[in-house]
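A closer look at the structure
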Amino acid sequence: MAIEHLGDRMAKLRRAVNLTQEGLSELSGVSVDVIRKLEQHRKHSARLPTLHSLARGLGVELTALLGDPPGVPSSGEADPPQLVAVRRAIMPPLFAPPIDPVGVERLSLPLLRAELAEGWTLYHSAEFGRLMDVLPGIIADARLLAAVGSPEQRASGQAALGKALQLGGHLAIRLGKTDLALSALERAYGAAGDSSDPLLAPMVSNSVAWAYQRQARLDDARNLAVHAADGVEREHTHTSEGVRVWGALLMSAATSYARSDDYDTANDMMVTAEKAADRLTKLPPPTDGKLVSVFSRSSVRIERVRLAVQHERPEEALKLSKGMRLSADTPPSWRTWLLLDVARAHTDVGDAEGAVKALEALKRVAPGWMRHHTLAVSIVSDLWAGHARPVGLRKLAEFLGVDQ
């Protein structure tokens, strides 16, 4: 799938907040000429300080400007058939006849949960095309199980349906379809209310907070995450599932604080989350970890590195990342962000060799993510424009198609 050009994404974000090119130039400190060249595709990348300035001027996080490939670009064109099928699964036709229970005997909750776990694995591995192929069937199966059987069986089915719709919401966010994401998550929250899983509603709330962050609704994101975290802390932190959900909500709230330029509060919350992660070693592990929020000491440290880099504290980021040992269940998407952020931090302090080593590691771990990632291209472009060109840089530039 083709990736949306940086200039196109910037133009959409600029128009969404009613800014002219001159207005964005004034807020960001980036020249109108650079902005115009990017939007006209006469310039294909920008140096990291420029990207940071543009993101601040637009009022978005850097990932909103650079995108989270390899997803489907959010363009004015009609949705591809795969996405139409996902949209229809999330939002079934209005006034459709009741669900026909034929075939329900072939379904079972364990089988459906196994399908869900595989779906989340595809998501975290950035296999978005394959996920779009299987997700409509997963949602349909979950909707069927949620509608038949005893009250207890329906409640379990509603839990599966909520988790399937939450997965649809996450996928939609990655594809740049935040309105579809919020529609999916609203339905997921409704299913959570009828489900047998008391932690599902706060997990969905965390997903909604992420969607709000992508829309620059930082106050809404922060307030939602804090409220949900307080509820989980009162009732559920005696289990590993509860600690993971609570910790993930703390991280989400911290991210919103950081993006609101309150780095100190964000850092304090991250330290609290890191201490909470230590409690997981003393509790029995979740029965199905793939269906619970991603939260561990590794994930907290990865997010702390990320926030430090985004707030132009590269030395702090490198100190936090030094000697990290990632847990075995750290998803490829999280490993990708860590290596990108470490490469950014090395670039910001002028350590080209360290940046190249981090990017080489990323190429080994997640070549699919790297090949399509605008930030990786920008880092390599920065390094290529510098005076020092370490061994390995040319191969990275060739791999990413950076002009030499």
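Every value quoted in this text rests on a predicted model; they were computed, and no experiment measured them.

Quick notes on the rules
- Residues numbered from 1 in each chain as written.
- Predicted model: local features only at pLDDT ≥ 70, side-chain atom pairs only at ≥ 80, totals over all residues.
- Heavy atoms only, no water.
- Helix = DSSP H or I, 4+ residues; strand = E, 2+ residues; numbered from the N terminus.
- Buried < 20%, exposed > 50% of the residue type's maximum accessible area, 1.4 Å probe, protein only.
- Phe/Tyr/Trp six-rings, centres within 6.5 Å; stacked < 30°, edge-to-face > 60°.
- Lys NZ or Arg CZ within 6 Å of the ring centre and 35° of its normal.
- Polar contact = N/O pair within 3.5 Å; in protein donor to acceptor, adjacent residues only side chain to side chain.
- Contact = heavy atoms within 4.5 Å.
- pLDDT = per-residue confidence, 0-100.
- 1 Å grid on protein atoms, 1.4 Å probe; cavity = no way out; pocket = protein on both sides within 12 Å on 5 of 7 lines; lining within 4 Å.
- Points joined across faces, edges and corners; volume = space filled by probe spheres on them.
- Nonpolar A, V, L, I, M, F, W, Y, C, P; charged D, E, K, R; others polar.

**Some thoughts on unusual backbone geometry**
With a phi close to 65°, A216 is a non-glycine residue in the positive phi region. Mapped onto the fold, A216 is located in the loop between α11 (200-214) and α12 (218-235). You can call A216 partly exposed: its relative accessible area is 35%. Within the chain, E312 stands out as a residue other than glycine whose phi angle is a positive 55°. Residue position: E312 is located in the loop between α15 (297-310) and α16 (314-321).

**Some details on the packing of aromatic side chains**
Evaluated as defined, the whole model comprises two aromatic pairs. Here the aromatic rings of W120 and Y123 are separated by 5.8 Å at their centres, their planes lie at 80°, and the arrangement is edge-to-face. Of this pair, W120 and Y123 both sit in helix α7 (residues 109-124), three residues apart, which is roughly one turn of that helix. No difference in accessibility class separates W120 from Y123, as the two residues are buried. Ring centres of Y123 and F128 lie 5.9 Å apart, and the angle between their planes is 45°; on these two criteria the pair is classed as tilted. Residue F128 is classed as buried on the basis of its relative accessible area of 1%. A network of ring pairs unites the aromatic residues W120, Y123 and F128 as a single cluster. Here K363 stacks its cationic end above the ring of F399, 4.7 Å away from the centre of that ring. Geometry around W384 places R389 over its ring, the cationic atom sitting 4.1 Å from the centre.

**Concerning the side chain of S207**
Residue position: S207 is located in helix α11. A polar contact is formed between the side chain of S207 and the side chain of Q166, at a distance of 2.9 Å. Contacts of S207, omitting those with residues within four sequence positions, involve Q166, H170, I173 and L185.

**Overview of the confidence of the model for the protein chain**
Per-residue pLDDT for the protein chain has a mean of 86; in total, 92% of the residues score no lower than 70. In this model, residues 69-75 is a region of pLDDT below 50 whose contacts with residues beyond four sequence positions or in other chains number 26 contacts.

**Focus: the layout of surface pockets**
Approximately 1,000 Å³ is the volume attributed to the largest pocket. Along its surface, the largest pocket is lined by 43 residues, and Y123, H124, H170, V294 and W334 are the ones closest to its centre. By residue class, the composition of the lining of the largest pocket is 15 nonpolar, 18 polar and 10 charged.

**As for the environment of R47**
Looking at the element boundaries, R47 is found in the loop between α3 (32-39) and α4 (48-58). Placed 315 residues apart in sequence, R47 and L362 show a C-alpha to C-alpha distance of 20 Å.

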